[in-house]
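Listed below are the residues making up each chain.
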Amino acid sequence: MILPHGPVELPMFMPVATQASLKGLTPEQLESLGCRLCLNNTYHLGLKPGQATLDTIGGAHRLQSWNHNILTDSGGFQMVSLLKLAKVTEEGVKFLSPHDGTPMLLTPEHSMSLQNSIGSDIMMQLDDVIATTSPDNERIQEAMHRSIRWLDRCIEAHKYPEKQNLFCIIQGGLDLDLRRQCVEQMVKRDTPGIAIGGLSGGEEKAKYCSVVRTCTEMLPDMKPRYVMGVGYPEDLVVSVALGADMFDCVWPTRTARFGNAVTSRGTLNLRHASYGTDFSPVDEDCDCLCCRSKEAGGLGVTKAYIHHLTGKETAGAHILTMHNVHYLLNLMRKARKAIIADTYPEFVKEFFGKIYKYKISDYPDWAVEALKTVGIDLQHVPSASECT
Amino acid sequence: MNTFRVLKTAVTDVATGSAQSPGARIGVLQLSKGFTLNTPNYLAPTSRGAVPHLSPDNLEKHTRVVGVYVALEDFIEKAPQRTPPLYTYPSTLREFISLPADTFLLLAPRRSPAISCPKPNSDANLSILTSVGFRDLPIKDYVSAVVKLQPDIVLGIADVPNTDKPVGKNRVRKVAERTEKWLDELLGRIDTASLSFNSSIFSSFDTTAAEGGEGKGGEVVVEGGETKKQKKEGYKPAVFAAVLPVDKEKQRIYINYLADNVEKLAGVVFTSPESAGEMIGELPEELEGLARLQADVSQGPHEVLEMVDLGIDIFNLSFAGLATDAGIALHFTFGTPEGEKDGEEGGVLLDQLDLATDMWDEKFATDLGPLEDGCMCYACTKHHKAFVRHCLSAKEMTAWVLLQIHNMWVVEKFFADVRKSIELGTWEAEKERFRRRYKRDLPDRTGLGPRLRGYQYKSAGGDKKLNESAYRSLDAPAPEEADVPEVDGAELQKSGFAQTTTEY
């Protein structure tokens, strides 16, 4: 995918630098992990440093000295999730200013204007976000149709279509028919990329997969598909099989600050006392700066040292954040290689095998079923050579 | 071998053979693993083995920290009930904390400044504070930890009463006696252990002392397969003995002990700024060739210069880190910049300069200039004030990372300039100029620092909470720093975030 600040390779994971910095890492460290596209949140940048400051400085790239790509969300999701009493109307999102109680309104036009000031390489439309688990079907339907109307307003309000890419967001809850209608309408608008929104909100994994599959089947081949808010390694590997290209999530960075390491053998809670005397690298299979031995030019960090630092010195969080981000970026790089080499099914089998120690009965049902729909049979016992 | 050589003093040149006397001096400390420290210089204090805010890669790449000050009390939480993980670690302390290869490690029993403990020391135990509470550190455990952990420099334990009460009359005598006994234990153990040191992994290091140039002094050459030949000149930690903060008469016997054992020592350490002033001129001639370390320097560069003038060589510098936590960027330069003469311009005395600037100040919100003009550190060459100020105000950890990198850089350059001026014979004039040119105190702290941890502060009854709570009930009034707008509706409309509306 070619973007204003350089090409990026798909599929990819995008780490979330909420307020223009990735949780204690310098942009240089993020770059050294191979990241070429990261997220900033419009809601947060709109509050701090604010639009006027962004305009004066000349956008978010300049603010954080990041010469690679940035994607921004619309700000609507945080609006609804962080602000009490936010209401969605046809005009926009209404809320009471927590400071003085003044009624306020955030419209698709505001969102576009803010994202124009940020100067992100990929902008997201303001959508009407409803939890997919909501029982109110009528409301979900309304939200889907409203999102289409707001997309039109966003396209209209977008000041720099030649230098910033606006992606639409497909809504429609878990109702596959609604999703299909939405895809049909939105594809007509011919945005440079397409996001599948409203997922990753606690819905059943099987339903998540069928929504992704339903959308990707209908989407044009030559446009990137971005599934918003997804970051667990297993979800990524399955979603790539289902035809998705881009993912973002705060989980890998947030969980690092709680002392959790994302590894090829699952997620490890390094705060557990047993890791206090575990002097092995965070992930034996990982070649990130933290896990590589000193002889190999790495830092030679052990699980025990992370255990020693977690929750007490931020440097520990920085190291683990680097590892976790590297793990997910690298997982997607390996997925790309496998797809190119036509060996993605083997890649998926090895990935699940390592996490579940090749105990097929432990594999999650949703993943087994979802992968079957695209012809990958996890339960097929691989030959010995495939296990390595 | 660990050696310290005085190269030149500000008043007399050593080479001419004239007597040394207290006063500013440049020297070189060479440690047995091949590290070289040009003095005067500083050590970076650590917390749990990390220089605060800096992951090891940032420490290596973006600072020139030559040595770090590590406290054993940061690693031995559950002892003696449970063996601390560090003691079962198959390698050394520097490996455990992933210390960069060209940075040396000083091991002390306690952090400096240490938090005072409610329980006094006993004959066999030092009272310490770990992250899980106050504990006893048996002296014999410290001594064996030194053998196991293989620091480059180790501090002798001073029986400084670390309760808040002043030293009583009878207690004073004990202070010196215990300190001597504890040091004797340490020196004895290092002597008997020196054989086992050299059968260990460190025999693979080339121990030929590297010639240190300016800048980053430490240099280690790893050479495989040459272990046997180097055994006779192998590793031994450099021991720095404490000079006590008590009257010189009360520690006369102890100081004589030091003089008798001077060949086993590499340096002396002053535990309080006052004791350096009182004792440095009173040390016997035999001890003058030892390096002098000041264990806590929290006030600022003026304090450093005064102590350089007393003849202190190495500073465990806490003020740079304190400034970082406060969101303050240091910017002072030792030595007269070009085009400026003695703080005067056309005969008019210039205003005194600030030593540092509080980066929380809103006026930096759109300032794209570096933290300090002309600074070559990573933070100044790649980032700007506006970003640092944004990260501070958004409480993003990157703010403190960048400030720490910058502040370490300023301090590093300051010491390099101090060494240069002693070398060139301009010390007296430059010291005087600095004293007049810069304000005495660092700016006051205005913004919030990073979250404080229990082991960093001693609680007293009736304290307020150290940190704002991160979570609150949705119905509680919004605190100032939450993820919600902090300004009123009119302001939000003006800023383009949203517009006011009549109905809701």
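Just so it is clear, the structure is predicted and the values come from calculations on it, not from any experiment.

Caption draft 1: Here's a closer look at helix α9 (residues 233–241) of chain A. Residue and element names in this part refer to chain A. Counting buried positions along α9 yields nine of nine residues, so the element is predominantly enclosed. Listed in full, the buried residues belonging to α9 are Pro 233, Glu 234, Asp 235, Leu 236, Val 237, Val 238, Ser 239, Val 240 and Ala 241. Directly after α9, the chain includes Gly 243, whose backbone phi takes a positive value near 105°.

Caption draft 2: Structural context of the interface of chain B and chain A. Residue-level contacts link 70 residues of chain B with 69 residues of chain A. One can count two salt bridges joining chain B with chain A. Glu28(A) serves as the salt-bridge partner of Lys61(B), at 3.5 Å between the closest nitrogen and oxygen. On the surface where chain B and chain A come into contact, there are 23 residue pairs in polar contact (both at pLDDT 80 or more). Looking at the side of chain B that touches chain A, the elements with two or more residues in it are α1 (56–62), α2 (85–88), α3 (93–96), α10 (378–382), α11 (385–393), α12 (398–424), α14 (489–494) and β18 (499–500) of chain B. For the side of chain B that touches chain A, the residue count by class is 31 nonpolar, 24 polar and 15 charged. The sheet contact formed by strand β8 (residues 103–106) of chain A and β18(B) spans two bridges and is antiparallel. When the sheet's bridge partners are listed, Leu105(A) is paired in β18(B) with Gln499(B).

Caption draft 3: The arrangement of the packing of aromatic side chains in detail. Residues and elements named next belong to chain B. Within the structure shown, the criterion is met by 23 aromatic pairs over all chains. Ring geometry for Phe 315 against Phe 415: centres 5.6 Å apart, planes inclined by 40°, an arrangement best described as tilted. With Phe 315 in strand β13 (residues 314–317) and Phe 415 in helix α12, this residue pair connects regions lying 100 residues apart in the sequence. Phe 415 shares its class with Phe 315; the two are buried. When the centroid spacing of 5.7 Å and the interplanar angle of 55° are considered together, the rings of Phe 414 and Phe 434 count as tilted. Of the two residues, Phe 414 sits in helix α12 while Phe 434 sits in helix α13 (residues 427–437), which places them 20 residues apart along the sequence. Among the aromatic residues, ring-to-ring pairing joins Tyr 42, Phe 315, Phe 319, Phe 332, Phe 334, Phe 414, Phe 415, Trp 427, Phe 434 and Tyr 438 into one connected group.

Criteria and thresholds
Within every chain, residues take consecutive numbers counted from 1 along the sequence as written. All chains are assigned letters beginning at A, and all ligands numbers beginning at 1, according to the order in which they are written. Note on the predicted model: pLDDT of at least 70 is required for a residue's local features to be given, and 80 or more for side-chain atom pairs to be given and counted; whole-chain, interface and lining totals, by contrast, use all residues. The side-chain figures draw on all heavy atoms in the structure; neither hydrogens nor water molecules are used. To sort residues, take the accessible area from a 1.4 Å probe on protein chains only and compare it with the maximum for the residue type: under 20% means buried, over 50% means exposed, and anything in between is partly exposed. Helix numbers and strand numbers start at the N terminus; a helix is a DSSP run of H or I with at least 4 residues, a strand a run of E with at least 2. Throughout, a contact is declared for two residues whenever any of their heavy atoms are within 4.5 Å. For this document, the term salt bridge refers to a Lys or Arg side-chain nitrogen within 4 Å of an Asp or Glu carboxyl oxygen. Here a polar contact is recorded for every N or O atom pair within 3.5 Å, except that within protein the pair must consist of a potential hydrogen donor and a potential acceptor, and residues adjacent in sequence are included only if both atoms are side-chain atoms. Each residue is assigned to one class: nonpolar for Ala, Val, Leu, Ile, Met, Phe, Trp, Tyr, Cys and Pro, charged for Asp, Glu, Lys and Arg, and polar for all the others, Gly among them. We treat two strands as partners when DSSP finds at least two bridges between them. Aromatic pairs are defined between Phe, Tyr and Trp rings, using the six-membered ring for Trp, whenever the two ring centres lie within 6.5 Å; interplanar angles under 30 degrees are classed as stacked, those over 60 as edge-to-face, and all others as tilted.

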